[in-house]
Amino acid sequence: MSKILIIEDEEAIADLEKDYLELSGFEVQVANDGTTGLKLALTDNFNLVILDLMLPGVDGFEICRRVRDEKNTPIIMVSAKKDDIDKIRGLGLGADDYMTKPFSPSELVARVKAHLARYERLIGSVVEENKIIEIRGLKIDTTARRVWINGEEKNFTTKEFDLLTFLASHPNHVYTKDELFREIWDMESIGDIATVTVHIKKIREKIEYDTSNPQYIETIWGVGYRFKM
Ligand code: CA
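Fair warning: this is a prediction, and the values are worked out from it, not measured in the lab. (Residues numbered from 1 in each chain as written. Predicted model: local features only at pLDDT ≥ 70, side-chain atom pairs only at ≥ 80, totals over all residues. Heavy atoms only, no water.)

Participant: Lay out helix α7 (residues 177-184) with the relevant residues and their values.
Facilitator: When we look at burial in α7, the residues that qualify are Leu180, Phe181 and Ile184. For α7, the arc enclosing every buried residue in end-on projection is 100°, short of the 170-degree limit, so these residues lie on one face. Of the surrounding secondary structure, the elements contacted by the buried residues of α7 are α6 (158-169), β10 (174-176), α8 (194-207) and β12 (224-227). (Buried < 20%, exposed > 50% of the residue type's maximum accessible area, 1.4 Å probe, protein only. Helix = DSSP H or I, 4+ residues; strand = E, 2+ residues; numbered from the N terminus. Arc of directions from axis to C-beta. Contact = heavy atoms within 4.5 Å.)

Pasting the structure below:
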């Protein structure tokens, strides 16, 4: 079942959208402020986000930008002001669609379905070539950029995913932090090799049963890290 996130501070509108989407068979979650909405959009796996522009906390512009930095989730932006819609279109924030309030709930449902179908086709078109890495309980779909540990899906940021995938693609090879930093972060990146340590820690928290005795990413003291085959 597709999961939809509605980020909307006007509760009456959010409820109406939720009702119609649920009637159409979607699972719906509502966030009534920007801060909660952004957190949910980044940490949970939604199939689509309906995003109001003017929100308490973080506004829709910022949420759209931050979600786009990390995810390809389709985003439908809504605003009461036609002028705002024109403005955000011009900004190229990466939203997939724009709607001016008020709109009919059935139009919203139609657009949601259209975007989900489009996104599924996009994902589906590459499924044939999906490269899967499976090592013990860890499964990485490098094409869809999804990770499961013992069947449970985990959320990774872009860099965490890139780092994990790089290491898992080269098992038993020891890499220094410096090598990993150069491999995963581009030259213009601000940061240093301590970034690698921080990311390894975060990855371990997600995939290791016992982070003090890692089964996947081993620390080779004084050298770097190795993904155990
Ligand atoms: Ca609003």
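Participant: Residue-level account of the packing of aromatic side chains, with values.
Facilitator: As enumerated under the stated definition, the model contains 3 aromatic pairs in all. Relative to Tyr175, the ring of Phe166 has its centre 4.8 Å away and its plane inclined at 55°; by these criteria the two rings are tilted. For the pair formed by Phe166 and Tyr175, the shared burial category is buried. The ring centre of Phe46 lies 5.1 Å from the NZ or CZ of Lys3, which sits over that ring. The positively charged end of Lys206 is found above the aromatic ring belonging to Phe156, 5.0 Å away from the centroid. (Phe/Tyr/Trp six-rings, centres within 6.5 Å; stacked < 30°, edge-to-face > 60°. Lys NZ or Arg CZ within 6 Å of the ring centre and 35° of its normal.)

Participant: Describe the packing of α7 against α8, listing the residues and the values that go with them.
Facilitator: At a minimum axis distance of 8 Å, the contact between α7 and α8 shows a crossing angle of 85°. Between α7 and α8, the angle is such that the two are roughly perpendicular. Facing Lys177, Leu180 and Phe181 of α7, the residues of α8 in contact are Thr195, Val196 and Thr197. In terms of residue class, the contact of α7 with α8 is made up of 3 nonpolar, 2 polar and 1 charged. (Axes fitted to C-alpha atoms, helices over the stretch in contact; angles between N-to-C directions. Parallel < 35°, antiparallel > 145°, perpendicular 65-115°, else oblique. Nonpolar A, V, L, I, M, F, W, Y, C, P; charged D, E, K, R; others polar.)

Participant: Break down the nonpolar core for me, with residues and values.
Facilitator: By size, the foremost hydrophobic cluster in this structure holds 26 residues, and its most contacted members are Leu138, Leu164, Ile217 and Phe227. Of all the elements in the fold, those that place two or more residues in this core are β6 (132-135), β7 (138-141), β8 (146-149), α6, α7, α8 and β12. In contact with Leu164, not counting residues within four places along its chain, are Leu138, Ile140, Val147, Phe156, Ile203, Ile207, Ile217 and Phe227. Within the second largest apolar cluster, 24 residues are counted, among which are Ala41, Leu51, Val58 and Ile85. (Core = buried A, V, L, I, M, F, W, Y, C linked by side-chain atoms within 4.5 Å.)

Participant: Describe the sheet that holds strand β11 (residues 217-220), listing the residues and the values that go with them.
Facilitator: Taken in spatial order, the 3 strands make up an open sheet running β10-β12-β11, and their pairing is antiparallel. Looking at strand neighbours, the two that pair on one side only are β10 and β11, the edges of this open sheet. With direction set aside, neighbouring strand axes in the sheet form an average angle of 30°. Alignment of β10 against β12, held across 3 bridges, turns out to be antiparallel. Looking at the pairing, Val174 lines up with Arg226 of β12. In the packing of α8 onto the sheet, contacts are made with β11 and β12, and the angle to β11 comes to roughly 145°. (Pairing = 2+ DSSP bridges.)

Participant: Describe the pairing of β8, listing the residues and the values that go with them.
Facilitator: Across 4 bridges, β7 lies against β8 in antiparallel orientation. Across the sheet, Asp141 pairs through a bridge with Arg146, a residue of β8. As defined by bridge partners, β8 adjoins strand β9 (residues 152-154) across 3 bridges and the pair is classed as antiparallel. For Ile149, the partnering residue across the bridge sits in β9 and is Glu152. In textbook terms, the turn of a hairpin is the stretch between consecutive antiparallel strands, and for β8 and β9 this stretch comprises 2 residues, one of which, Asn150, has a positive phi near 50°.

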